[in-house]
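# Coordinate inspection notes
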Amino acid sequence: MINGERTIQRPMRWGMVGGGRTGQVGYKHRTGALRDGTYQLVAGAFDLDAERGRDFGTNLGVAEDRCYATYQDLIAGEKDREDGVDVVSVATPNFTHFEITKALLEAGIHVICEKPLFFTVEECEVVAKLAAEKNLIVGVTYGFTGHPLVHQMAAMVAKGMLGDIRIVDMQYTHGFNAGDDTDAGEAVKWRTNPATAGNTFVLGDIGTHLYYLSEVVLPHLKVEKLLCDRTAFIPSRAPLEDHATVLMHYDNGARGRLWVSSVDAGNMGSQKYRFVGSKASVTWSDSRPDQLIYQVQGEPEQIMHHGMPYLEDESLAADRMGALHTEGLGDSWSNIYLWIAQAIDAKMRGDEEFLKTHHYPGIEAGTEGVRWLENCVRSADAGAAWIDFE
Ligand code: NAD
């Protein structure tokens, strides 16, 4: 169980690029990072509007001279300080991730970057090489995979409790973009423009969460082929999609089905996962993160609750609140930030043995998300054809 006790040598000196007052995701980063005293927010270039960013940063308690106008200023100001930042989170629109991450790594600073990590696998490989050369960690904020019951599903699959995996069924849909974009805010505008979002909208925006979570639960399965059918129900969003269905064939013969949509009118953004094996299945949704449905063929259905002693060690190790008390997205983000801090701490100590078995969403996870997106786009552009996964 996680109880706030420090598990690393010292708190990380932490900075942020983006995630300012008007940003959607910034507070999730701070919720995740600042929970246990694992990180101390000491610097930031929080906003494209430098004045608003400075005002926001000082209100968060950051010293005025460490609230920078741009990420370049942040790097210049922090690089040679004795108490300069150890790690910086990048919570800006997609098209900026690559350039900012690269610049931070070149300056010797660990990075925690938003998803989808970059536009291409090629960019991911450039950054992976740079991070390895510099001996630095790149973490990726797949913020839903810190939920303890996600790790319960993974442990149950690993123990063979479901049997051989046959069916993977996933959904992440909401209706917030069911109308047109006439009065759309900044966050919708950049998400629906290929120059700022990359070559996908909902596949990258929400589909990558589904894909990574399935990799956590089923690390032994690899996608061999996929078929992606995507469309823009609001024509101004084309060539990007606001709705997509992906079928997948895995290397063990399992079949996967996934749909993502931001035009699922009336749906309040739920994720649903169902993993079916030859003996049993598990079902989990982020809208009920404390409960896992376990169905064994021929037996009454069971509902498992987080924090209970009957759960697997991997799930209990990620639990914060304990049974009876509700757990939520903030706890999940805190776990992601903690696991990345432990990776950075191990890098700083030169503890490569620890890193071999330590699990956190890193550069490989970010790369696999981008690889999956590239394959989805290739299939969709070929007329929703089956393609070999490359
Ligand atoms: P947003 O448009 O709401 O906010 C972006 C923020 O970054 C703003 O504060 C803006 O002023 C600032 N910014 C933009 N460019 C900057 C720059 N060059 N330097 C400094 N600040 C800059 O966007 P958002 O919805 O918060 O999304 C940001 C990123 O987070 C995207 O990559 C998105 O995919 C991702 N995201 C992830 C999750 C998740 O669950 N992991 C959730 C939402 C968004």
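Because the structure is predicted, anything quoted here is derived from the model rather than measured.

## Section: the overall build of the chain
Helix and strand content of the chain: 13 helices and 14 strands. In terms of C-alpha radius of gyration, the chain reaches 21 Å, essentially the compact-globule figure of 21 Å for 390 residues. Of all 390 residues assigned to the chain, the portion counted as buried reaches 58%. In the chain, 69% of the contacts between residues at least 6 apart in sequence involve partners at least 24 apart. Positive and negative side-chain charges of the chain, numbering 36 and 55 respectively, have mean locations separated by a distance of 1 Å.

## Concerning the domain arrangement of the chain
Partitioning the chain into structural domains gives domain 1 (12–144 + 337–361) and domain 2 (148–320 + 368–388). For domain 1 and domain 2, the distance between their C-alpha centres works out to 26 Å. Facing the 24 residues of domain 1 at the interface are 27 residues of domain 2. The tally of links from domain 1 across to domain 2 stands at two salt bridges. Among the salt bridges present, the one from D205 reaches K115, with a minimum N-O distance of 3.7 Å. Applying the counting rule to domain 1 against domain 2 returns five residue pairs in polar contact (both at pLDDT 80 or more). Of all the secondary structure elements, the ones that give two or more residues to the side of domain 1 that touches domain 2 are α5 (121–134) and α11 (329–349). Tallied by class, the residues present in the side of domain 1 that touches domain 2 amount to 14 nonpolar, six polar and four charged.

## Here's the deal with the packing of α5 against helix α13 (residues 363–381)
Contact geometry for α5 and α13: axes closest at 9 Å, N-to-C directions at 165°. Our classification of the angle between α5 and α13 gives roughly antiparallel. For the crossing formed where α5 meets α13, the hand is left-handed. Packed against α5, whose contacting residues are V121, C124, E125, V127 and A128, the element α13 presents I363, G366, T367, V370, R371 and E374 at the interface. Of the residues in the contact of α5 with α13, the class split is six nonpolar, two polar and three charged.

Each value, and the rule that gives it
- Residues numbered from 1 in each chain as written.
- Predicted model: local features only at pLDDT ≥ 70, side-chain atom pairs only at ≥ 80, totals over all residues.
- Heavy atoms only, no water.
- Helix = DSSP H or I, 4+ residues; strand = E, 2+ residues; numbered from the N terminus.
- Rg over C-alpha atoms; globule rule 2.2 N^0.38 Å.
- Buried < 20%, exposed > 50% of the residue type's maximum accessible area, 1.4 Å probe, protein only.
- Contact = heavy atoms within 4.5 Å.
- Lys, Arg positive; Asp, Glu negative; His and termini not counted.
- Charge placed at Lys NZ, Arg CZ, Asp CG, Glu CD.
- Domains from an automatic or database assignment.
- Salt bridge = Lys/Arg side-chain N within 4 Å of Asp/Glu carboxyl O.
- Polar contact = N/O pair within 3.5 Å; in protein donor to acceptor, adjacent residues only side chain to side chain.
- Nonpolar A, V, L, I, M, F, W, Y, C, P; charged D, E, K, R; others polar.
- Axes fitted to C-alpha atoms, helices over the stretch in contact; angles between N-to-C directions.
- Parallel < 35°, antiparallel > 145°, perpendicular 65-115°, else oblique.
- Left-handed = near helix turned anticlockwise from the far one by under 90°.

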